[in-house]
Amino acid sequence: MEPKFLIILFLATIVLAQASSSSQNTYSTFIKTSCNAATYPTVCRKTLLPYAAAVKTSPLRLVNVALSTTLKSANATLATVSQFAKTKRITKWESAVLKDCIENLKDSMAEIKSSLKAISGLPKSTDKSFVISNAQTWTSAAITDENTCLDGFSDRKVSPAIKKKLRNSIVSLARVSSNALYLINHLAV
Ligand SMILES: *[C@@H]1O[C@H](CO)[C@@H](O)[C@H](O)[C@H]1NC(C)=O
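Remember, predicted model here, so these are calculated numbers, not experimental data.

Re the nonpolar core
- Residues Leu-48 and Phe-153 are the most contacted members of the largest nonpolar core, which totals 50 residues.
- When residues of this core are assigned to their parent elements, the largest contribution, eleven residues, is made by helix 8 (residues 160-188).
- Beyond its immediate sequence surroundings of up to four residues, Phe-153 is in contact with Val-97, Leu-98, Cys-101, Val-158, Ile-162, Lys-163, Leu-166, Arg-167 and Ile-170.

Structure (structure tokens):
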């Protein structure tokens, strides 16, 4: 046989082998591997594994899903904090802390949206490192805002009941955000 033909046959075999092994299992493994060195690997696996079939083995789609789930988490946290801010039993001081936190969370959501928008433009961009750097900046800003909200809750004048109810939700949000940032940083290499 012609050597050229053999090479084509060889490559075709590789392509077919890859296609058949691209099962759900491969997709789950991709997410687990991508999450391995994330800041919060367990949270990363738990939040992103449900999207394995949609992500397949695309680092870019993984970042998209990580940011979208972060946005959903921020929205849910915002709803919880807003609900709490409406209750009558809180002090004026607590009300002010919650109000600030609501602003931080709204800013954080806007920043995550900007990051998502940047990332969605990545495939067509001619300056990919610039786009990635923008997404990093937006996501870092979102994390800063979440931490600012969290700092407000460490105030001694905020009741333990509020801390207990709201802190966990914000800590979880900050964790999924950090993981999203890790995955964006990973795109850069
Ligand atoms: C945020 O949550 C509200 C319901 O509380 C929903 O109507 C809205 O679509 C959500 N927005 C995002 C960006 O998830």
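Here the narrative resumes.
Topic: unusual backbone geometry
- Even without being glycine, Lys-56 reaches a positive phi, approximately 55°.
- Following the sequence through the fold, Lys-56 ends up in the loop between helix 4 (52-55) and helix 5 (59-85).
- Look at Lys-56 and you get partly exposed, because its relative accessible area is 37%.

Considering the packing of aromatic side chains
- One pass over the full model with this rule turns up zero aromatic pairs.
- The lysine or arginine in question, Lys-157, covers the ring of Trp-93, its NZ or CZ lying 3.7 Å from the ring centre.

Some points on the state of the cysteines
- This model, assessed by the stated rule, comprises two disulfides.
- The partner cysteine of Cys-35 in its disulfide is Cys-44, sulfur to sulfur 2.0 Å. Handedness here is read from the sign of the S-S torsion; for Cys-35 and Cys-44, about -70°, the answer is left-handed. A single burial state applies to Cys-35 and to Cys-44, both of which are buried.

Re the side chain of Ser-178
- Structurally, the position occupied by Ser-178 is in helix 8.
- When sequence neighbours within four positions are dropped, the list of residues in contact with Ser-178 reads Thr-39, Tyr-40 and Ile-143.

So, how was this worked out
- Residues numbered from 1 in each chain as written.
- Predicted model: local features only at pLDDT ≥ 70, side-chain atom pairs only at ≥ 80, totals over all residues.
- Heavy atoms only, no water.
- Core = buried A, V, L, I, M, F, W, Y, C linked by side-chain atoms within 4.5 Å.
- Buried < 20%, exposed > 50% of the residue type's maximum accessible area, 1.4 Å probe, protein only.
- Helix = DSSP H or I, 4+ residues; strand = E, 2+ residues; numbered from the N terminus.
- Contact = heavy atoms within 4.5 Å.
- Phe/Tyr/Trp six-rings, centres within 6.5 Å; stacked < 30°, edge-to-face > 60°.
- Lys NZ or Arg CZ within 6 Å of the ring centre and 35° of its normal.
- Disulfide = S-S within 2.5 Å.

None of the figures reported here should be taken as evidence of function without further support.
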